[in-house]
Amino acid sequence: PNTAKSSGDFALSLFKTAMLNFDDLADRDFGAADSDGEGVDLTTSASKLVKLLECRAGADTAAASNLQPARSCINRRMQVLVLHGRQSNEPMVNFQLTGLKQAIGKDADIRVLESDLIWTYQEGADNHDADPMSTALAKGKPFKMWFRHTTDDPRERIDFFKQQDPNVKVTYSEYEPSVDKLLSYVKNEGPVDVVVALFDGSIVVHLAVARLAKMGLRVPWRLSVFFGSMCIRDDNLSEPLASQPSSHPTIHVFGRRDEYYFYHRTAAGRRAPEDYYEDAVILEHAEGHQLPSPGAPQSKLIYERIAEGMRYHCGLTSAVPRRVARPPKPTSFAVRNLDDMTPRKLRVLALCGGHSCAAVIKFQTTQLKAALGKDAAEWTYLEGSKPWSWYEGEPIVSEMEEKIANGAQLKNWYMDTCHEDIGKKKSDRLNSFKQFDPATRVEYHDVQGAVQHLKKYIMDEGPFDVLVAFSQGCIMAHLLIGHLRQEAPGGRELYPERWKHTRNTSEQMPWRCSVFFSGMHIRDRDFFPLFETRSPHPTVHVFGKRDEYYDYGRDGFGNKPQEEYYVDPVVLTHDQSHELPTTAPRARQIYDRITTEIWRHCGGRPE
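Bear in mind the structure is a predicted one, so any value in this text is a computation, not a measurement.

About the criteria used
- Residues numbered from 1 in each chain as written.
- Predicted model: local features only at pLDDT ≥ 70, side-chain atom pairs only at ≥ 80, totals over all residues.
- Heavy atoms only, no water.
- Helix = DSSP H or I, 4+ residues; strand = E, 2+ residues; numbered from the N terminus.
- Buried < 20%, exposed > 50% of the residue type's maximum accessible area, 1.4 Å probe, protein only.
- Contact = heavy atoms within 4.5 Å.
- Areas by Shrake-Rupley, 256 points an atom, 1.4 Å probe, with all protein chains shown as cover.
- Salt bridge = Lys/Arg side-chain N within 4 Å of Asp/Glu carboxyl O.
- Pairing = 2+ DSSP bridges.
- Axes fitted to C-alpha atoms, helices over the stretch in contact; angles between N-to-C directions.

Student: Quick rundown of the overall build of the protein? Include the residues and the values.
Tutor: Within the protein, the regular secondary structure consists of 19 helices and 22 strands. By the burial criterion, 53% of the 607 residues in the protein qualify as buried. Sequence separation of 24 or more characterises 79% of the internal contacts of the protein that already satisfy a separation of 6 or more. Carbon and sulfur atoms provide 51% of the accessible area of the protein, an area that totals close to 27,000 Å².

Pasting the structure below:
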């Protein structure tokens, strides 16, 4: 194209004169022969004539089922244009399309449009370099990409994290020649009936559809099929699709084990690509960042459904494609080893209460562990760092706790002092009752050291996905969360490990959610400012109504109760005392709800 023209002028020059009448293009005589040596004239075959009649009747059938009516029959083999993904090329995408080719058989000619931009691995930006299999499939040809981009993220972390951070601004460059190339190919080398795009290639198609919509032009092909459909991350380019969906028919295929699955379907808080289009068909498979493997479960059904849609929208059949229920969008990013993006088990860190030890919290969480599934999660049990011995005013450890501890030193997370009202005579009340008195000032000792101890453990031994805490362990967790809210998250400039780069803001903790049993609010007024505003961190709070700390745990003593530390807490109660619930059926109900919340924030239950 003439470089003096803008991209909009170039697209307009492609389509304005003829407006690409695809009924005319469909009737173009290519003089081509199919693999059986037959011409494309449908009148040479009685069976093809029947097919033509079926095509003409298809519109009525479609209207009756609320599906877009198929256009007139193309009277020839479908012409399919394929756009590869990032770090790919023509030989590689031809291998990836094996399953689709088997499904459409001799009904289509497939051509690949290859980008002109060469991809090279960038340390710290790309997830990984080309693996040996990709290199072999590329057959010595360079890998390609469709455009370049930059971000305003000052942190040093891979692009995978930047793209998924809603707060990061992404700016595309060199995308216009790719959009021009697609539209020019359709006009000059067409007809093109179906466009199939893989991963980043889908962004080029979305950009082309957006450009045409701005000019009031319809999409000049009949159907788009997207594998791993990705959003237009540059907000300056996403209109009008970001506000007004297109009526262009589309099929979107996603892998639920794809590390990009959550991003594909939720688009970092923006409009997801499936929502760019009216009545988009969503198909899912149980594999990762790839096209469905031909021999994998569901793959045959997925490819058959795609082929049905292609034939229908090309007018080659009157059979309306099978209805597909739209799968729900994921609620969180899946649990992954972020170095190689392979799946891993859920990791749970359990904090014991005061004057307790790791063995006790391990025993206490037995039912929760069973509810999560013994093979679904790895548990780590952690006790405080302050040795505790009984002294006057402290509660007496039960025989059961002593037996479970088996002689181990009991610990606190921190030590405290109760300063009673000066105007009153010093009492011999239990410390718990002193704390129940709103007039008592409670002072925590060495909180900074305790916070740093727990933070260091999490950063050294993580990643953890869930934090479970009991009693004083809950207060310790509140203190840690409050302090972490004040620290800016870092990238490679602070931490070498990738998992530590996932925090997008200081409000995002280095774990997904917290579950508090018999928790209490922060009592030392010096730390009240930690929660002057609510934290968005997901929490579940479980209380026993017969717990002597129940009213105290639910009260804020003039400040605020712990439930109000968080934006959207889930609060559950049972009829037991200062313990984790064990009595059926309420215990089971509570653990079912807790596990539901955990999986909601940890990528969903394992399949």
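Student: Residues and numbers for the environment of K101, please.
Tutor: Tracing the backbone through its elements, the reader meets K101 in helix 5 (residues 98–104). Look at K101 and you get partly exposed, because its relative accessible area is 31%. In sequence terms K101 and Y303 are 202 residues apart; their C-alpha atoms lie 8.8 Å from each other.

Student: How would you explain the pattern of salt bridges if you had to name every residue and give the values?
Tutor: Per the counting criterion, the structure on display carries 35 salt bridges. With a closest N to O distance of 3.9 Å, E304 and R322 form a salt bridge. On the criterion of sequence distance, the pair formed by E304 in helix 11 (residues 299–313) and R322 in the loop between helix 11 and strand 11 (336–337) is long-range, its members being 18 residues apart. The exposure class of R322 is partly exposed, given its relative accessible area of 37%. As a salt-bridge pair, R485 and E507 come within 2.8 Å of each other at their nearest N and O atoms. Taken together, the positions of R485 in the loop between helix 17 (472–484) and strand 20 (513–517) and E507 in the loop between helix 17 and strand 20 put the pair 22 residues apart, joining distant regions of the chain. Residue class for E507 comes out partly exposed when judged on its relative accessible area of 24%. Ionic contacts of the salt-bridge type, sharing partners, join the residues R256, R265, E274, D275, E284, R326, K329 and E607 into one network.

Student: Which residues make up the sheet that holds strand 22 (residues 570–574), and what values go with them?
Tutor: Ordered by their spatial adjacency, six strands build an open sheet running 14-13-19-20-21-22, and the pairing between neighbours is parallel. Edge positions in the sheet fall to strand 14 (377–382) and strand 22, since each of these pairs with one other strand and no more. Going across the sheet, the axis of each strand differs from the next one's by a mean of 15°, ignoring polarity. This element, helix 19 (residues 586–601), spans strand 13 (346–351), strand 19 (466–470), strand 20, strand 21 (539–544) and strand 22 of the sheet and lies at about 165° to strand 22.

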